[in-house]
Amino acid sequence: MTAALERRLDAIVRSSTSLMQVLETARRLALPDWLIFSGAIYQRVLNHLTGRDLDYGIKDYDLGYFDPSDISYEAEDRVIRRVATAFEPPLREMVEVRNQARVHLWFEAKFGESYAPLTCTAEALNRFTSATFSVGVRLETDGRLTIVAPFGLDDLFALRLAPNPARKTNGFARTAASATARWPELTVIN
């Protein structure tokens, strides 16, 4: 991952008032091993690069954390409720919190594909349908952004939609169709 692309991503993230509000609130909540990832990040880059409003197409903010000490639904639900109280509408309804330590318990039933247990939140990015979308950020206490992008940022900034080279899924064609409907400027690499 090049430093230049990291700086560009940092600038795009910081220019989004709503995303920064989510990041600042998540930082205050101090969930273990947390990241904001998925569309909350990559969609803003696509919007910036294609001249759209930064919030175009943003449906939610995925807030992942990792707490293997209690992987029950009840424990996750307590965190979900705690996070919800930290936000005012509309963000309250848009921040989706999931304990990455328990994703393997429900993933196959929901998506029809097996999913081995994770060891940290960042590892989830290695399993996304598209390598292009595998990017997450965390706002540190000193104001720095930690950027996690296991497949780099080149494809994202080149508007190339590539499948995950480490995990082939049945969902890439559906993901590509949905993304190109919103950003026809994308080039799909199969």
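All figures in this text were calculated on a predicted structure; none of them were measured in a lab. (Residues numbered from 1 in each chain as written. Predicted model: local features only at pLDDT ≥ 70, side-chain atom pairs only at ≥ 80, totals over all residues. Heavy atoms only, no water.)

(A) Layout of the layout of surface pockets. Size it by volume and the largest pocket reaches roughly 1200 Å³. Contributing elements (two or more residues each) for the lining of the largest pocket: helix 3 (39-49), strand 2 (61-65), strand 3 (95-99), helix 6 (103-111) and helix 8 (172-182). (1 Å grid on protein atoms, 1.4 Å probe; cavity = no way out; pocket = protein on both sides within 12 Å on 5 of 7 lines; lining within 4 Å. Points joined across faces, edges and corners; volume = space filled by probe spheres on them. Helix = DSSP H or I, 4+ residues; strand = E, 2+ residues; numbered from the N terminus.)

(B) Up close: the sheet that holds strand 4 (residues 136-139). With respect to topology, five strands assemble into an open sheet ordered 3-2-1-4-5, the strand pairing being mixed. Whereas interior strands pair on both sides, the edge strands pair on one side only; in this sheet they are strand 3 and strand 5 (145-148). Across the sheet, the mean angle from the axis of one strand to that of its neighbour is 30 degrees, orientation sign disregarded. Bridge count between strand 4 and strand 5: four bridges; the pairing is antiparallel. Across the sheet, the residue bridging to L139 is L145, located in strand 5. Relative to strand 1 (residues 35-37), helix 3 is tilted by about 50 degrees, and along the sheet it contacts strand 1, strand 2 and strand 4. (Pairing = 2+ DSSP bridges. Axes fitted to C-alpha atoms, helices over the stretch in contact; angles between N-to-C directions. Contact = heavy atoms within 4.5 Å.)

(C) A look at the pattern of salt bridges. Scanning the model with the defined rule gives eleven salt bridges in all. For R167, the salt bridge goes to E113, with nearest N and O atoms at 3.3 Å. Within this pair, whereas R167 is found in the loop between strand 6 (160-161) and helix 8, its partner E113 is found in the loop between helix 6 and strand 4, the two being separated by 54 residues in sequence. The buried category is assigned to R167, whose relative accessible area is 15%. A relative accessible area of 14% means that E113 is categorised as buried. A salt bridge links E140 to R138, with the nearest nitrogen and oxygen atoms 3.0 Å apart. The pair formed by E140 and R138 is uniform in burial state, with each residue classed as buried. (Salt bridge = Lys/Arg side-chain N within 4 Å of Asp/Glu carboxyl O. Buried < 20%, exposed > 50% of the residue type's maximum accessible area, 1.4 Å probe, protein only.)

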